[in-house]
Structures are given as structure tokens and as C-alpha cells.
Amino acid sequence: MEKIAAADNLNNNGEIQETINYYKTATTEDLCKRAASLCETIHGKDIILRGLIEFTNYCDQDCLYCGIRKSNSNAVRYRIDEDEIIKTVATGYNAGLRTFVLQGGEDSFYTSDKICRILEQIKKITEYNASVTLSIGVKSREDYKRFKEAGADRYLIRFETSDPKLYQKIKVNSSFERRITAIRDIRELGYEAGSGYMTGLPGETEEIRINNALLCKELDLDMVGVGPFIPSNNTPLAASPQMPLEHTIRATALLRLLLPKAHIPATTAAGTVDPLGREKMVKAGANVLMPNITPVELKKHYLIYSGKICLDENGSAIINDLALRMASIDRKITFSRGTALRFL
Ligand code: 5AD
């Protein structure tokens with residue numbers, strides 16, 4: 001367990017090892033209780049909202065698990081133009097949202113100049129009252145620097161799995177080292193840094209799952225997104241089994257215990273495999289929700305996995321639904337920017 005040793009150096013009081021030992025032996029119910037209670041101590045009962053805009057589903061990558069991979073000729077491709085992106089943000093801003101996540105495939109159509117222009121306009125129309133997160137994959141350090149200067153506050157780039165061999169299998173022609181370097185670059189450049197992974201990938205072991213969480217700890221992430229791998233039609237992994245959501249629930253609790261201050265979303269993927277998946281994640285220590293505010297006529301085409309929920313509802317209907325869901329488990333949605341605690 002090389003990773004455990006590495007993580008111990010960061011926190012040389014053995015606390016990490018103790019947490020792992022607890023995770024290994026605790027029932028899911030106990031694990032979640034402990035994590036939820038720690039979450040409440042630090043973040044209260046507030047659940048932070050981030051408006052997600054999936055602005056392009058063109059992608060140069062060919063990840064085996066992903067429905068918008070380059071080789072999926074069945075995917076209906078779309079791009080949202082700059083004006084429409086700004087309009088979508090404005091609608092969300094008027095509905096109260098104060099964080100926007102621009103997510104897309106790795107699409108070279110959106111040059112760095114275009115991305116910078118979009119960032120500048122978003123900052124302007126939201127009167128510098130909203131945080132902007134980019135989630136557009138691996139770029140050069142120079143590009144990350146430019147995006148930051150143009151107004152990006154945060155960057156999300158999941159490492160997907162901490163196991164280099166598994167990574168190489170599922171992300172063909174992509175370098176694990178390069179991706180980890182990108183995450184470190186982002187953090188060094190002053191972004192609020194987010195990463196994460198899927199649980200239940202074919203070939204994943206419990207040891208890999210533990211190392212996934214330890215890698216998040218080692219990277220000292222501000223935000224960690226985790227969700228179940230869902231076999232996606234028209235991909236090489238379409239026939240892979242759907243592993244139990246419990247892996248994601250346990251991962252959420254472990255992440256909360258290792259990274260008490262992190263912002264952890266209850267993901268749409270969890271809500272897809274189980275109607276109460278997001279509620280279960282919140283009860284395991286998640287404190288963020290990401291309503292999908294992509295224009296309704298397009299969101300059905302951002303099919304990274306099959307069966308995705310919330311495809312027929314607009315942003316405000318989704319926010320209303322989330323408010324009710326959170327109230328039912330004694331939580332309250334908040335429209336605050338939800339800045340990483342490290343920056344406050
Ligand atoms: N199942 C679950 N999550 C997926 N993602 C991509 N494809 C799938 C899938 N088939 C996740 C990846 C990516 C994020 C945007 O969506 O973790 O980083």
C-alpha cells in the first residue's frame with residue numbers, strides 16, 4: 001500500500017491509516033453516520049448548488065466508458081455558441097445561481113481565445129458575483145493560466161481511477177501522469193481544484209477504491225466528484241455490469257472523513273442508478289448538487305452514460321425538485337457561491 005505511506009507523510013499522525021482501517025471494518029450505516037456528522041459540523045445543513053452547462057459534446061478523446069467518445073458515431077453532436085452560453089448563464093443567474101460549471105468534451109473548436117472570451121463575458125454579466133468552473137479536460141499550463149486570468153475560479157478534471165494500468169485500459173492514448181500533472185498545475189495556479197473518479201469500473205478492486213480516495217487526499221483537493229460507472233450504450237464497455245451504488249456511497253463517506261473541508265457533490269450518476277442515490281450520497285457526507293441547466297432541447301444529447309436523469313426538465317424545475325428532495329432529508333439548498341474553505 002504505497003499510497004497509504006505517501007499519504008501518511010502528509011499527515012504524519014497516523015490519522016489517515018486509522019481512517020482507512022475504520023473504513024475497512026465499519027458497516028456502511030456507521031460509516032455514513034460518522035461522515036454525515038463530520039460534514040454537518042463543518043458545512044452545516046446547507047447544500048450548495050452549481051449550475052452545470054454542458055456546452056459541447058464533441059470530443060477528441062476515445063475513453064472506453066464514455067458515450068460522447070470520438071468513435072461513437074451514434075452520438076448526435078452539438079455545440080452551444082457563445083451568445084447562447086451567456087444567455088444560459090444569465091437565466092441561471094436570475095434564478096439565483098452563483099456558480100456555473102462549463103463542461104464539455106475535449107473540443108478544439110473552442111480555442112483558448114474563445115474560452116477566455118466566454119469567461120470574460122460571464123464575469124461581466126454576473127457582475128463578478130458568480131464563480132465560474134471550467135471542466136474541459138487536459139490543457140497546457142499556459143492555457144490554464146490564461147483561463148484563470150480571464151476569470152475562471154475553479155477547474156474540474158477527474159483522474160477517473162488512481163490505478164495507472166486500469167487508466168491506460170479505459171483512457172486510450174491518454175497519459176495518467178499528464179492528467180495528474182494537470183491537476184497539480186491547476187492547484188498551483190491558484191484555482192479551486194477539483195478532481196474525482198468513478199466507482200465500479202471493470203477490473204476495479206477494493207484496493208484501487210481506497211487508493212482513489214487517498215490520491216484525492218494527496219492532491220489536497222478542494223472539490224471531489226465521485227459517481228458510479230454506468231455502462232453506456234454504443235461504447236466498448238456497454239456490456240459491463242452495473243456495480244452496486246454502495247461503492248459510491250462508501251467512497252463518499254471515506255472522502256468526507258479524509259477531506260473534511262472538501263466540497264463533494266451528490267452526483268447525477270448516483271441519481272441515475274438509484275432514484276434516491278443523491279439523497280444517499282448527502283447522507284454519506286456530500287454537500288453539493290449540480291442542477292443541469294443545459295438548454296432542454298440539447299441536454300438529451302450529452303449522453304455520457306445511458307439512462308441519465310433530468311433530461312426533460314429545465315433548470316428551474318430541477319432546482320425546485322432538488323429543494324424538495326433536500327428538505328425531505330433535513331437539508332437546505334443554498335445559492336451561495338460555495339467557495340472552497342481554503343480560500344476564505
Ligand atoms: N458512467 C458514469 N460516469 C461517467 N463519466 C463518463 N462516462 C461515464 C459513465 N459511463 C463521468 C466521468 C467524467 C464525468 C464528466 O462523467 O467521470 O469525468
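The residue numbers shown here count from 1 along each chain, following its written sequence. Where totals are concerned, whole chains, interfaces and linings use all residues; where local detail is concerned, this predicted model gives features only for residues with pLDDT of at least 70, and gives and counts side-chain atom pairs only at 80 or more. The side-chain quantities take in all heavy atoms of the structure and omit both hydrogens and water.

**Here we look at the site of the ligand**
Applied cut-off: It suffices for a single heavy atom of a residue to lie within 4 Å of a molecule or strand for the residue to be listed as near it. For this analysis, a polar contact is any N or O atom pair within 3.5 Å, provided that within protein one partner can donate a hydrogen and the other can accept it, and provided that sequence-adjacent residues contribute only side-chain to side-chain pairs. Shrake-Rupley sampling with a 1.4 Å probe provides the accessible areas, and residues are treated as covered by the protein chains on show and by no other component.
Taken together, the residues surrounding the ligand are Tyr65, Cys66, Gln103, Arg158, Glu160, Met198, Pro228, Phe229, Ile230, Ile304 and Tyr305. The side chain of Arg158 places a nitrogen or oxygen atom 2.8 Å from an oxygen atom of the ligand. In this structure, Glu160 approaches the ligand through a side-chain N or O atom, which is 2.5 Å from an oxygen atom. Burial of the ligand by the surrounding chains reaches 87%, relative to a free accessible area of 410 Å².

**Notes on the pattern of salt bridges**
Close approach of charged atoms allows side chains with opposite charge to pair. Selection criterion: Any carboxyl oxygen of Asp or Glu within 4 Å of a side-chain nitrogen of Lys or Arg constitutes a salt bridge here. A run of H or I in DSSP becomes a helix once it reaches four residues, and a run of E becomes a strand once it reaches two; helices and strands are each numbered from the N terminus. Exposure is judged per residue with a 1.4 Å probe applied to protein chains only, and the accessible area is read against the type maximum: over 50% gives exposed, under 20% gives buried, and values in between give partly exposed.
Applying the stated criterion to the full structure yields 23 salt bridges. Residue Asp185 pairs with Arg141 through a salt bridge whose shortest N-O separation is 2.9 Å. On the criterion of sequence distance, the pair formed by Asp185 in helix H8 (residues 176-188) and Arg141 in helix H6 (residues 141-150) is long-range, its members being 44 residues apart. Asp185 gets classed as buried once you look at its relative accessible area, which sits at 9%. The partly exposed category is assigned to Arg141, whose relative accessible area is 36%. Between Glu218 and Arg184 there is a salt bridge; the shortest N-O distance is 3.7 Å. On the criterion of sequence distance, the pair formed by Glu218 in helix H9 (residues 206-219) and Arg184 in helix H8 is long-range, its members being 34 residues apart. A single salt-bridge network, built from bridges that share partners, covers Glu40, Lys45 and Asp330.

**Observations concerning the nonpolar core**
What counts, and what does not: By convention a nonpolar core is built from buried Ala, Val, Leu, Ile, Met, Phe, Trp, Tyr and Cys residues, the set being connected through side-chain atoms within 4.5 Å. Whether two residues are in contact is decided by their heavy atoms, any of which lying within 4.5 Å being enough.
Ranked by size, the top nonpolar core spans 97 residues in total, and within it Phe55, Leu134, Tyr144, Phe147, Tyr155 and Leu255 carry the most contacts. Look past the residues within four positions of Tyr144 in its chain and what remains in contact with it is Gly137, Val138, Lys139, Tyr155, Ile157, Ala182, Asp185, Ile186, Leu189 and Tyr191. Formed by seven residues, the second largest nonpolar core is a distinct cluster that contains Ile48, Leu52, Leu156 and Met290.

**A word on the sheet that holds strand E4 (residues 131-135)**
The cut-off we apply is this: If DSSP finds at least two bridges between two strands, the strands pair. Comment: axis = line fitted to C-alpha atoms, over the contacting stretch for helices; angle = value between 0 and 180 degrees taken between N-to-C directions.
Reading across from one edge, E2-E3-E4-E5-E6-E7 is the order of the six strands in this open sheet, with parallel pairing throughout. Of all strands in the sheet, those with a lone pairing partner are strand E2 (51-56) and strand E7 (223-228), marking the two edges. Between one strand and the next, the sheet's axes are offset by a mean angle of 20°, whatever the strand orientation. Contacts from helix H4 (residues 82-94) reach E2 and strand E3 (99-104), with the element oriented near 150° to E3.

**A word on the confidence of the model for the chain**
The cut-off we apply is this: Scored between 0 and 100, pLDDT is the confidence that the predictor attaches to each residue.
In the predicted model, the chain carries a mean pLDDT of 96, and the fraction of residues at 70 or more is 96%. Across residues 1-10 the pLDDT falls below 50, and counting only partners more than four positions away or on other chains, this stretch makes 19 contacts in the model.

**Describing the packing of helix H5 (residues 112-125) against H6**
Keep this limit in mind: Each angle receives one of four descriptions, namely roughly parallel if under 35 degrees, roughly antiparallel if over 145, roughly perpendicular if within 65 to 115, and oblique otherwise. If you view the pair so one helix is near and one far, a crossing is left-handed when the near helix is turned anticlockwise from the far one by less than a right angle, and right-handed when it is turned clockwise.
Look at H5 against H6: their axes get within 8 Å of each other, and the N-to-C directions meet at 20°. Judged by the angle between their axes, H5 and H6 are roughly parallel. In this structure, the crossing between H5 and H6 has a hand that is right-handed. Note on element contacts: H6 touches H5 through Asp143, Arg146, Phe147 and Ala150, opposite Ser112, Asp113, Ile115, Cys116, Leu119, Glu120 and Lys123.

**Things to note about the sheet that holds strand E9 (residues 332-334)**
As summarised here, the arrangement of the three strands in space is E8-E1-E9, forming an open sheet in which the pairing is parallel. Both edges of this open sheet fall to strand E8 (288-289) and E9, since each of them pairs with a single strand only. Relative to E8, strand E1 (residues 46-49) runs parallel, the two sharing two bridges. Across the sheet, the residue bridging to Leu49 is Leu289, located in E8. Its contacts with the sheet place helix H14 (residues 315-328) against E1, E8 and E9, and it is angled at close to 140° to E9.

**Some points on H9**
Let me state the cut-off plainly: One less than the residue count of a helix, multiplied by 1.5 Å, gives the span that helix is expected to have.
Counted at 1.5 Å a residue, the expected span for H9 with its 14 residues is 20 Å, and the 20 Å between its end C-alpha atoms agrees. Across the 14 residues that make up H9, a large majority, 11, are buried. Considered for burial, the residues of H9 that qualify are Ile208, Arg209, Ile210, Asn211, Asn212, Ala213, Leu214, Leu215, Cys216, Lys217 and Leu219. Remark: Asp220 follows H9 within two positions and exhibits a positive phi of approximately 55°.

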